[in-house]
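Reading the structure
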Amino acid sequence: MPIPTTPPSKILDLTLTLSNYPILAKKIRAQMRQELFVKGIITPTMLEDEVERKAIATQRHEGLTDPLIQETEEVWQKRLDRVRDNLTDFYFAYNLPFSRFEEIVLAAVNENRTGQAKKVVLTFNPELAPWYMLFEQAEKYASYPPEMFESVKHHMREIIVVLLKSLVSDQLAFVRIARNFINIFDLKEIMSRKIGRGKIGGKSAGMILAYKILCQPDPDDLIDLKDHLALPETYFIGSDVYYDFKTINNLEQTISQKYLTREEIERQYPRIRTAYLVSRFPEDATGRLREILAEIGQAPIIVRSSSLLEDNFGSAFAGKYDSFFLPNQDTPEENLTALIKAIIQIYASVLSPDALFYRQIQELDDYDERMAILIQKVQGERYGRYFFPYIAGVGYSSNPFIWNKKLKREDGFLRMVLGLGTRAVDRVDRDYPRMVGLSHPQLRPVSGPADIIKYSQRFMDVIDLEENAFKTIPVSDVLASDFPGVQYLASVDEGDFIKPIFSLGVTVPPEKMVLTFENLLKNTDFVKLMKTILKKLDRYYERPVDIEFAVQFTPDYPKPKFKIILLQCRPLSRQSWGQNIAMPQNVPLVDQIFTASRLVPSGVVDKIKYIVYVDPLAYSQISDTSTRMELARIVGRLNKRLEGEKFILMGPGRWGSSNIDLGVKVTYADIYNTSMLIEIAVARNGITPELSYGTHFFQDLVESNIFPLALYPDTPGILFNYAFINQAPNKLALLLPHDSSYTDYIKVINVAEAQPNKLLRVVMSTEESSALGYLHTY
């Protein structure tokens, strides 16, 4: 902070004379305040808060007991102006030199005499100028009074755009929005928290832009967001460090992996990953990481990918690169070693088969992918030995499916959990997050106490501070009557009904608690807050978005307070699943193949030639893991073999699940050519489709316009034409001769051959909660 070279009293004395020139005084003090903001002496928010406090204090001093009645709005505004001027004079006098005050006065007087500011010309090309020159020039412009700033705002925009493309992201769709919200001081803050000179990548860019948008006052907001938002404490590793790492370890030859075949990529990746993990990290970056860890202390951290392609318009890369939770409870050197290992593992994941296949499918393989890194404090609180957030989850600004006619797609959708948000974005074993349609948060996809309990969260992800490990534990290990805010999270299982917790004085056994989030959704401002956030981002992005978030809970009366910690924001593909569809009438029963009535999207898939059918019963009876794994690979080979044909996938349980017992363990690279993914429940074997809307797996389906559908053949009123499936010839051996031994498990049906002159048509209507797959003559 600069030390004044002239006694502060001299500035204060001179500012008193400004009262004789009110118009000039207003202009000078506006410039003085801007100078205070630019130098970081005080922020606009801090100043205005102090102005209001001191103005209220003067009311009390004058004996006003009921100022809202005793003082008019006009008098109150004059009082605020007077206090603001006094504080401006004070802070300027005690923090900045007299020479700067003279410059401001002289500039204002000269402008007043000429009637207009002198035209300012930018004397260098921002695209070629060094960063320090851009920052200096932009800060100078930012210090101009409003009238003078008008003449340079186009120069300021040019500098902001150049710095955004250099420091953050060069994706023009991002820059077009970001230039209106991210200012030079935001960019300066990023610089102060960054290692290296490279870009900070898509995930960082999306998070920062979303936060800046949400902090902008907006008359359309349902609730004032100012006090309800925060970003996690964040540090960045620029994408250039990734290049440095590859250069010093002679790993540059791996850059052409993206052009290999799938088989070559899969075969070579284990060797490449091993080579990465034994490589050394650049020394200068290591020193800065040591400093960052010292600043963070022993708070748990998460190390996240932030590649230049991630969270982009049209390619989200959801879940394609690694992220790692680090408890950070060891010695400083051990913590540093763990951090560097996590960073290198993320670097290696750039060449993982799933990431490279995704890039090939999205036609992004010619782009030189560069990996930046986010290092963030994990959001949450300590509870006993465990560390976790009160709530975490994912939110969609456009509800991806409507399970009840009352729901409004434009009001958004949440998928949320107690604990770390990993269980909200991944398909997990025999566990379910709470799904919320924000227009009617009390409406569930399921009904009845038994289903509410069945489809509730039973496990949670936490950081065990004592064992220095990321763990999954039963919810009952932490959820008890004395858990902070338990009445907003849990309900009580009373056997034939479930009731909310109304009184904190009653002890409820943990095993009787069910995570329903009922009181949170019904009796707090949480729904209004999330709806405001999602609608606002949708409005400014001009397309649907999804966010990842954590929630900070503060008890208060009459309602608790919440702070939403924004972790991620990405634009979504503009898909047409929300269209109204009329269901066909009078379809002959003999032509009907299947019907569905639960969790139905809207759309039509026409002229389907092939059905790839994994027999649910046969799958459930497979005893060895290797056979089930091979079935997933066969699906992948069929996906490639049927490229250019119209086909759908049908099979048991949760496709893409990490638990191979619950469904076919495919990845996006195994299914991207299909038009539909139909998950079939097998009730007697406990294999059921998961309500997976909102997961990374679901995001892949959205981007590729693959319709998901859940079938429950054992449900009364639901049709499934086993006769057609069983009697149709199996074309697997013809398409994949080497996989002919698996025909007991996988059947490929050529619909046109099984039923001449007919193809399969699937019509789905959210409005009618109905889907029908039937044979149609073409």
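Right, let's talk about the overall build of the chain for a bit. Looking only at helices and strands, the chain has 28 helices and 27 strands in total. A compact globule built from 778 residues should have a C-alpha radius of gyration of about 28 Å, and the chain, at 30 Å, falls within 12% of that. In terms of overall dimensions, the chain has a C-alpha envelope of 100 × 65 × 55 Å along the principal axes. Within the chain, the fraction of its 778 residues that count as buried is 56%. Expressed as a percentage of contacts within the chain between residues at least 6 apart in sequence, the contacts between residues at least 24 apart total 75%. If you sum the accessible surface of the chain, you get close to 33,900 Å²; carbon and sulfur atoms cover 51% of it. The chain carries 91 positive and 97 negative side-chain charges, and their two centres are separated by 3 Å.

Now for a negative patch on the surface. The grouping of D49, E52, D224 and D227 at the surface amounts to a negative patch. Note on placement: D224 falls in the loop between α12 (201-215) and β2 (229-230).

Using the criterion set out here, one finds 48 salt bridges in the structure. Residue E266 pairs with R262 through a salt bridge whose shortest N-O separation is 3.4 Å. Remark: R262 and E266 occur in helix α14 (residues 262-277); sequence separation between them is four residues, near one turn of the helix. In this structure, the salt-bridge partner of E494 is K512, at a minimum N-O distance of 3.7 Å. A residue pair is termed long-range when its members are at least 10 positions apart, and E494 in the loop between β14 (490-493) and β15 (498-500) and K512 in the loop between β15 and β16 (513-515) qualify at 18 residues. K512 gets classed as partly exposed once you look at its relative accessible area, which sits at 32%.

Overall, the prediction assigns the chain a mean pLDDT of 87, with 91% of residues at 70 or greater. With pLDDT under 50 throughout, residues 1-6 is counted as low confidence; its partners more than four residues away or in other chains account for eleven contacts.

Taken together, four strands build an open sheet; the order of strands is β7-β8-β12-β13 and the sheet is antiparallel. Across the chains shown, the open sheet's two edge strands, defined by having one partner strand only, are β7 (381-383) and β13 (469-474). Here the average twist between neighbouring strands, direction ignored, is 45°. The pairing of strand β8 (residues 386-388) with strand β12 (residues 459-464) spans two bridges and is antiparallel. Bridging across to β12, F387 finds its partner in I463.

Next up on the list: the packing of aromatic side chains. This model, assessed by the stated rule, comprises 25 aromatic pairs. The interplanar angle of 75° and the centroid separation of 6.2 Å between the aromatic rings of Y396 and F413 together place this pair among those described as edge-to-face. Taken as a pair, Y396 in strand β9 (residues 391-396) and F413 in strand β10 (residues 413-417) lie far apart in primary sequence, 17 residues in all. Judged by relative accessible area, Y396 falls into the buried class, the value being 2%. When its relative accessible area of 0% is taken as the criterion, F413 is described as buried. Taken together, the aromatic side chains of Y242, Y243, F245, Y276, F281 and Y347 make up a single cluster linked through ring pairs. In this structure, R193 is placed above the aromatic ring of Y235, and the distance from its NZ or CZ to the ring centre is 5.0 Å. In this structure, R598 is placed above the aromatic ring of Y712, and the distance from its NZ or CZ to the ring centre is 4.0 Å.

The terminal C-alpha atoms of α14, which comprises 16 residues, lie 23 Å apart, in line with the 22 Å expected from a rise of 1.5 Å per residue. Bending of α14 peaks at approximately 40° at the position of Y269, with proline P270 no more than four residues after it. Of the residues making up α14, those classed as buried are R262, I265, Y269, I272 and Y276. Looking at the buried side of α14, the elements it contacts are α13 (239-248), α16 (332-349), α17 (353-361) and α24 (625-641).

Locating S279 in the fold gives a position in the loop between α14 and α15 (283-296). Here the side chain of S279 touches A275 through a polar contact of 2.7 Å, landing on its backbone oxygen.

Moving on, we come to the pairing of strand β23 (residues 676-680). Taking burial as the measure, the five residues of β23 include five buried ones, the bulk of the element. Here β23 shows two buried faces, one formed by M676, I678 and I680 and the other by L677 and E679. The pairing of strand β22 (residues 647-652) with β23 spans four bridges and is classified as parallel. Counted as the bridge partner of L649 is L677 from β23. Pairing of β23 with strand β24 (residues 707-711) involves five bridges; the strand directions are parallel. Within β24, the residue paired with I680 across the bridge is L711.

So, about the packing of α12 against helix α22 (residues 526-541). Two measures define how a pair of helices packs: the angle their axes make with one another and the distance between the axes. Between α12 and α22, the least distance of the axes is 10 Å, while the angle of their chain directions is 105°. Here α12 lies roughly perpendicular to α22, going by the angle between them. Facing G206, L209, A210, I213 and L214 of α12, the residues of α22 in contact are I533, K536, L537, Y540 and Y541. The residue makeup of the contact of α12 with α22, split by class, is eight nonpolar, one polar and one charged.

Attention now moves to the environment of V614. As for its position among the elements, V614 is in strand β21 (residues 610-614). C-alpha of V614 to C-alpha of R637: the two residues are 23 residues apart in sequence and 14 Å apart in space. In this structure, V614 is in contact with Y619, V635, M650, G651, P652, W655, V664, Y745 and I746, ignoring residues within four places of it in sequence.

What follows covers the sheet that holds strand β25 (residues 746-750). Pairing in this open sheet of five strands is mixed, and the strands run β24-β23-β22-β21-β25 from one edge to the other. Among the strands making up the open sheet, the edge pair consists of β24 and β25. Neighbour-to-neighbour, the strand axes of the sheet open up by a mean angle of 15°, direction not taken into account. Two elements, β21 and β25, share five bridges in a ladder whose sense is antiparallel. In the sheet register, Y613 faces β25, and the bridge partner there is K747. Of the strands in this sheet, β21, β22 and β25 are in contact with α24, which crosses β25 at around 20°.

Core analysis: the biggest nonpolar cluster contains 89 residues, and L187, F526, I533 and L537 have the highest contact counts within it. Examining the composition of this core, we find that nine residues originate from one element, helix α9 (residues 153-168), more than from any other. What I533 contacts, discounting residues up to four positions off in sequence, is L214, L225, L229, I547 and I564. In terms of nonpolar packing, the next biggest core, distinct from the first, is built from 35 residues, I237, Y276, I296 and V350 among them.

It is at 10 Å that the axes of α14 and α17 come closest, and there the two elements cross at 155°. Relative to α17, α14 is oriented roughly antiparallel. Note that α14 runs across α17; the crossing there is right-handed. Contacts between α14 and α17 pair R262, I265, E266 and Y269 from the former with P353, L356, F357 and Q360 from the latter. Residue composition of the contact of α14 with α17, by class: five nonpolar, one polar and two charged.

Reading the values: the criteria
Residues numbered from 1 in each chain as written. Predicted model: local features only at pLDDT ≥ 70, side-chain atom pairs only at ≥ 80, totals over all residues. Heavy atoms only, no water. Helix = DSSP H or I, 4+ residues; strand = E, 2+ residues; numbered from the N terminus. Rg over C-alpha atoms; globule rule 2.2 N^0.38 Å. Buried < 20%, exposed > 50% of the residue type's maximum accessible area, 1.4 Å probe, protein only. Contact = heavy atoms within 4.5 Å. Areas by Shrake-Rupley, 256 points an atom, 1.4 Å probe, with all protein chains shown as cover. Lys, Arg positive; Asp, Glu negative; His and termini not counted. Charge placed at Lys NZ, Arg CZ, Asp CG, Glu CD. Patch = residues over 30% accessible without salt bridge, like charges linked within 9 Å, V, L, I, M, F, W, Y side chains within 5 Å. Salt bridge = Lys/Arg side-chain N within 4 Å of Asp/Glu carboxyl O. pLDDT = per-residue confidence, 0-100. Pairing = 2+ DSSP bridges. Axes fitted to C-alpha atoms, helices over the stretch in contact; angles between N-to-C directions. Phe/Tyr/Trp six-rings, centres within 6.5 Å; stacked < 30°, edge-to-face > 60°. Lys NZ or Arg CZ within 6 Å of the ring centre and 35° of its normal. Expected span 1.5 Å × (residues − 1). Bend = angle between axes of the 7 residues up to and from the residue. Polar contact = N/O pair within 3.5 Å; in protein donor to acceptor, adjacent residues only side chain to side chain. Parallel < 35°, antiparallel > 145°, perpendicular 65-115°, else oblique. Nonpolar A, V, L, I, M, F, W, Y, C, P; charged D, E, K, R; others polar. Core = buried A, V, L, I, M, F, W, Y, C linked by side-chain atoms within 4.5 Å. Left-handed = near helix turned anticlockwise from the far one by under 90°.

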